[in-house]
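# Commentary on secondary and tertiary structure
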Amino acid sequence: MDFALPADLVAYLVELDRFIAREIRPLEEEDDNIRFFDHRREWARTDFDHGGLPRPEWEALLRKAKDYADAAGHLRFAIPKHYGGRDGSNLWMAVIREHFASKGLGLHNDLQNEHSIVGNFPIVTMLDGYGSDEQKAMIEGSMTGKYRITFGLTEPHHGSDATHMETRAVAARRDNVKGWLINGEKMWTTGMHVATHCALFARTSGDDGDARGITCFLVPAKSEGVKVEEYMWTFNMPTDHPRVSFTEVFVPESAVFGEVGKGLSLAQCFVHENRIRQASSSLGAAVYCINESVKYARERKPFGKALSENQAIQWPLVELATQAEMLRLLICKTAWEMDQMTQEQVEQTLSDKVSMCNFWANRLCCEAADTAMQVHGGMGYSRHKPFEHIYRHHRRYRITEGSEEIQKRKVAGFLFGYMGPGKR
């Protein structure tokens, strides 16, 4: 069994590194754009006078970097060729995302808002797999920034439990147009401040707790009755995570996204692809923290003796490095297996492995960042090093992505036989 990376993948990593050095690094350094990544990053990115939202100049810089990457043929790597992409596989994306994150903070890749010069577009996957012809026509615009589609699944009173959602949609007619009337509330609807649409999940039939009976709707963000109630200030700022209410919101039948009553299939399509890639990025960020700690421990000589000779420094980093190596193998194996399966097969037979990768990668990253802060001493806890930023972001992942609850519940479901193959 050959565990070596394919030669063409290694060559592509070199190509990406050259592109970053040639076009992205200069953009990062001009006009003091480095303020978005050095010790000033949180203040530079956050418009505290306007609800804590991202500053327009910060988001404009991210868009400019994406446009550079798109022109160079990198942004759409994971997208099907008929949409201008390269049919990039989950395995290749896993390797690329770890590679990027292991470089540390930069305009090439920023995990706080899923920015990358090699784009992660789970919404495009949803549109391609489940959208009507009219909805598929939005794919091009969703990559160029013309369309911004948010994800409206989580609710204030139910958190990660989508099957007990209180948002309801009932069949209705308005001005002789058949459609649906939606009422409810969503949390953490990331990006609503610039959204054109929300992929909104609502119960259309069935009882609380049923997986069937939930439908996804593509709701225009400016529809009458859609209101951002508040932006939630978070562990690391800026925030673009609001609580949004939907009051008597009418949408035509054409707004149904996928099949009526089978909306959770779209949600699973989103989270599986997103979470294996998120795990790769978390691993990469952990590797960055480990490598920086090893480098510092070899250079720093308090009391005339290198830190690296201290076993209290060595042992934690040995354990973290070992976990990183094992996790990389699980992520790559899982990503490769996902590439051999349909979305339905992934859900039925591999979903637990995706969850393992996700929750352990986020935990590993938090531990690696915390260790890096300790190894680096006072500077480690300052904002002049990126470790606190990495720690806060991935600690947030462990909460908002359900890594300590939903992911483990999924693994337990497979382990004890009430989910997955041969479920009882």
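All of the points below concern the structure found in this document. (Residues numbered from 1 in each chain as written. Predicted model: local features only at pLDDT ≥ 70, side-chain atom pairs only at ≥ 80, totals over all residues. Heavy atoms only, no water.)

The next thing to look at is the nonpolar core. Formed by 93 residues in total, the largest nonpolar core has its most connected members in Ile96 and Phe201. Take this core: its biggest share by element is 17 residues, from helix H8 (residues 264-299). Counting 20 residues, the second-largest nonpolar core is a separate cluster that includes Trp180, Cys198, Val226 and Tyr231. (Core = buried A, V, L, I, M, F, W, Y, C linked by side-chain atoms within 4.5 Å. Buried < 20%, exposed > 50% of the residue type's maximum accessible area, 1.4 Å probe, protein only. Helix = DSSP H or I, 4+ residues; strand = E, 2+ residues; numbered from the N terminus.)

Burial within strand E8 (residues 197-203) is extensive, with seven of its seven residues counted as buried. Because side chains alternate across E8, one face comprises the buried residues His197, Ala199, Phe201 and Arg203, and the other comprises Cys198, Leu200 and Ala202, equally buried. Bridge analysis of strand E5 (residues 149-152) against E8 gives four bridges, and the strand direction is parallel. Residue glycine 152 lies in a different strand from E8, and its bridge partner there is leucine 200. (Pairing = 2+ DSSP bridges.)

With that settled, consider a nonpolar patch on the surface. Taken together, the side chains of Leu5, Val10 and Val14 present a nonpolar region at the surface, about 210 Å² in accessible area. Tracing the backbone through its elements, the reader meets leucine 5 in the segment before helix H1 (7-29). (Patch = residues over 30% accessible without salt bridge, like charges linked within 9 Å, V, L, I, M, F, W, Y side chains within 5 Å. Areas by Shrake-Rupley, 256 points an atom, 1.4 Å probe, with all protein chains shown as cover. Salt bridge = Lys/Arg side-chain N within 4 Å of Asp/Glu carboxyl O.)

This paragraph deals with the packing of helix H9 (residues 311-339) against helix H11 (residues 351-375). When two helices pack together, you describe them by how their axes are tilted relative to each other and by the distance separating the axes. The N-to-C vectors of H9 and H11 enclose an angle of 155°; their axes lie 10 Å apart at closest approach. In this view, H9 runs roughly antiparallel relative to H11, as classed from their interaxial angle. Of the two elements, H9 crosses H11, and the hand of that crossing is left-handed. Judged by residue contacts, Ile313, Pro316, Leu317, Leu320, Gln323, Ala324, Leu327, Leu330, Ile331, Thr334 and Met338 of H9 engage Lys353, Val354, Met356, Cys357, Trp360, Ala361, Leu364, Glu367, Ala368, Thr371 and Val375 from H11. Looking at the contact of H9 with H11 residue by residue, the class counts come to 17 nonpolar, three polar and two charged. (Axes fitted to C-alpha atoms, helices over the stretch in contact; angles between N-to-C directions. Parallel < 35°, antiparallel > 145°, perpendicular 65-115°, else oblique. Left-handed = near helix turned anticlockwise from the far one by under 90°. Contact = heavy atoms within 4.5 Å. Nonpolar A, V, L, I, M, F, W, Y, C, P; charged D, E, K, R; others polar.)

In this section: the pattern of salt bridges. Summed over all chains, the structure comprises 26 salt bridges. With a closest N to O distance of 3.0 Å, arginine 40 and aspartate 32 form a salt bridge. Overall, arginine 40 belongs to the partly exposed group, its relative accessible area being 31%. Each member of the salt-bridge network shares a partner with another, and the members are Arg41, Glu42, Arg383, Glu388 and Arg392.

This brings us to the side chain of histidine 115. In this structure, histidine 115 sits in strand E4 (residues 115-116). The exposure class of histidine 115 is buried, given its relative accessible area of 2%. Among the polar contacts made by the side chain of histidine 115, one reaches the side chain of lysine 66 at a distance of 2.9 Å. Reaching out from histidine 115, the side chain makes a polar contact with the backbone oxygen of leucine 107 at a distance of 2.7 Å. Apart from residues lying up to four places away in sequence, histidine 115 is in contact with Leu62, Ala65, Lys66, Leu107, His108, Asn109 and Asp110. (Polar contact = N/O pair within 3.5 Å; in protein donor to acceptor, adjacent residues only side chain to side chain.)

The next point concerns helix H4 (residues 90-101). Turn by turn, an α-helix covers 3.6 residues, leaving residues three or four places apart pointing in a common direction. Helix length check: H4 (twelve residues) gives 16 Å between terminal C-alpha atoms against 16 Å at 1.5 Å per residue, within 8%. With eleven of twelve residues buried, H4 is to be regarded as a mostly interior element. Every buried residue belonging to H4 is among Asn90, Leu91, Trp92, Met93, Ala94, Val95, Ile96, Arg97, Glu98, Phe100 and Ala101, and all of these are buried. Contacts made by the buried residues of H4 are with H1, strand E3 (109-110), E4, H8 and H9. (Expected span 1.5 Å × (residues − 1).)

It is worth spelling out the packing of H1 against helix H3 (residues 56-71) at this point. Contact geometry for H1 and H3: axes closest at 10 Å, N-to-C directions at 160°. As far as their axial angle goes, H3 and H1 are roughly antiparallel. For the pair H1 and H3, the sense of crossing is right-handed. Mapping the contact onto sequence places Phe19, Glu23, Ile24 and Leu27 in H1 and Leu61, Lys64, Ala65, Tyr68 and Ala69 in H3. Taken together, the residues of the contact of H1 with H3 break down into seven nonpolar, no polar and two charged.

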